[in-house]
Amino acid sequence: MEYYENTGYYETLHRVQKEAPFRPTRIVNGILKLGQSSISLVVVVGLLVSLSWVIAALLVVAAIPAVFVRLKYADKFYNWQIKCTAKERVAMYHHQLLTGDDHAKEVWLFGLGPLFMRKYQELRKQLRGERLELVSRRSAADLASQSVSVAAVFGSFAFIAYQTLLGSITLGDLVMYFGAFQQGQSFLNSFLTSMAGLYEDNFFLTYLHEFLDLEPKVKELPDPKSVPRTIKTGITFDHVRFGYPDTATAVKVLEDVSLEIKPCQIVALVGENGSGKTTLIKLLCRLYDPQRGMITLDGTDLRAFKISELRREMSVIFQDYVRYDLTARENIWLGNVDVDMDEVVRAAGISGADGVINRLDKGYDTVLGRRFEYGAELSVGEWQKVALARAFVRDSQVIVLDEPTSSLDPKAEDEVFRKFRQLVVGRMGIIISHRLSAVRMADLIYFLRDGRIVERGTHEELMDCHGEYAELFEIQARHYQ
Ligand SMILES: Nc1ncnc2c1ncn2[C@@H]1O[C@H](COP(=O)(O)OP(=O)(O)OP(=O)(O)O)[C@@H](O)[C@H]1O
Ligand SMILES: [Mg+2]
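Just so you know, these numbers come straight off a predicted model, no measurement behind them.

J.: How do you make sense of the packing of helix α5 (residues 113-166) against helix α6 (residues 171-212) when you look at a structure like this?
T.: Each pair of packed helices can be summarised by the angle the axes make with each other and by the distance between the axes. Viewed as axis vectors pointing N to C, α5 and α6 meet at an angle of 165°, and their least axial separation amounts to 10 Å. Considered as vectors, α5 and α6 are oriented roughly antiparallel to each other. Considering how the two elements wind past one another, α5 and α6 form a crossing that is right-handed. Where α5 approaches α6, its residues V153, S156, F157, I160 and T164 are matched on the opposing element by L171, L174, Y177, F178, F181 and Q185.

This is the structure we're talking about:
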């Protein structure tokens, strides 16, 4: 996850993606051409040496400036490419803003099209200008280097003609040497072009290796433990501290967080926006590791477990859950690809997605979303029901719902929470919600402020101590009175 928040990573990826479609074939072609032209070159140079080694040497020396220019500009293009990646990505982003469906509503409504278009054109113009300048400078340098080689050609022709006049070679030889020299030049050109091309291609391999050498930030121990199939004592956060990497925030997102979740318990996390609730879940799933303190499961540090097994035990629906442009069945089944249709329907029943899907043309086989021809678009709340079903179909010991019912109507929300209690039997549940009416039913509530846990207890206990939770609850309750 750390890489997705790192600009450097996106730039490396961008360069690799841009070059990957054509570089590999170029490299293969370059190598073949190099082999072909070097064989031909050896033969022709051998022939010329038999006439005069000076001419053969001249042929080679005359090509050196051109090679020099080519290599120098390959370096320049490489450096420019690195420098312009950021600009290219911003231009690409504006292109997406203009053409993608995610932003279309707002772009049209706010009339942002011309603004984004101008920005896009301006960036592309700058990039084009920079490239054009480099290309014209290279052309000028090419012209100069080519003049040297032309002079060498005419010099050699004059030398061959002079040898003929002196009678050292016959008219037949003259024709052969003219031909050999011309051919030699063309083979040499092709040889050097392939060499220089391979030198340029090598830069692509640099990008590629830079990308392939990226190491996962969340590492697994060489001999990881298995996650207990029945968690006995539960999950504990022990003085956990965490801040997102590469951010300037001096204050950590989570600071000295200690909490416990016991089997068969439903725990609720409450707190203002940005207090660190979602971050806490990301640590629990080992999408990141804490910088201080540790998280344990049955007393063992999470870092000791096999990552895939640990994640198998986590069923999380994040606030920004995914909407798959696939069939309704697949949208749920992706939560657990080992189950059959009955389980999918059962999970849909719990989340309320069942009713939504049965109204669709082809029921569970209807493609959701409008990206593909026959897709059916759902409302935001309906999508959320489908996402919830995906969490429920998972056979995991921990179920986490981050703002699970933010778009559900009150009846549907009530239904989900009632059924959630049954679902959590024998498992652990974590609920994050700003709707305190939903949080009320949790066995234990943790109240977070600025990354710290400031209150803990059941709803009744927290209400009795008249702290921040009680204040928040009363503010919400007032609206309903
Ligand atoms: N990927 C990230 N990179 C850097 N900072 C982040 C990232 N995600 C969250 N933050 C910061 O961490 C803090 C806590 O974010 P988090 O998402 O955990 O809050 P939250 O309690 O879930 O809030 P909300 O109620 O709005 O969902 C925020 O101040 C946010 O700016
Ligand atoms: Mg959140």
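Let's pick the thread back up.
J.: In this structure, what is going on with the domain arrangement of the chain? I would like to understand it.
T.: A common way to express how large an interface is: the accessible area buried when the components associate. Structurally, the chain comprises domain 1 (2-212) and domain 2 (235-480). Taking only C-alpha atoms, the centre of domain 1 and the centre of domain 2 are 54 Å apart.

J.: Where do I start with the packing of helix α2 (residues 23-51) against helix α3 (residues 53-99) in this structure?
T.: Between α2 and α3, the shortest axis-to-axis distance is 6 Å and the interhelical angle comes to 140°. With respect to α3, the element α2 is oriented oblique. Of the residues in α3, those in contact with V45, L48, V49 and L51 of α2 are W53, I55, A56 and L59.

J.: What's the story with the site of ligand 1 in this structure? I'm lost.
T.: In the vicinity of ligand 1 there are 13 residues, among which Y244, N273, K277, T278 and T279 approach most closely. A per-element tally of the shell around ligand 1 places helix α7 (residues 277-284) first, with three residues. Here the residues of the shell around ligand 1 sort into two nonpolar, nine polar and two charged.

Calculation rules
- Residues numbered from 1 in each chain as written.
- Chains lettered and ligands numbered in written order.
- Predicted model: local features only at pLDDT ≥ 70, side-chain atom pairs only at ≥ 80, totals over all residues.
- Axes fitted to C-alpha atoms, helices over the stretch in contact; angles between N-to-C directions.
- Helix = DSSP H or I, 4+ residues; strand = E, 2+ residues; numbered from the N terminus.
- Parallel < 35°, antiparallel > 145°, perpendicular 65-115°, else oblique.
- Left-handed = near helix turned anticlockwise from the far one by under 90°.
- Contact = placed C-beta atoms within 7 Å.
- Domains from an automatic or database assignment.
- Near = placed C-beta within 6 Å.
- Nonpolar A, V, L, I, M, F, W, Y, C, P; charged D, E, K, R; others polar.

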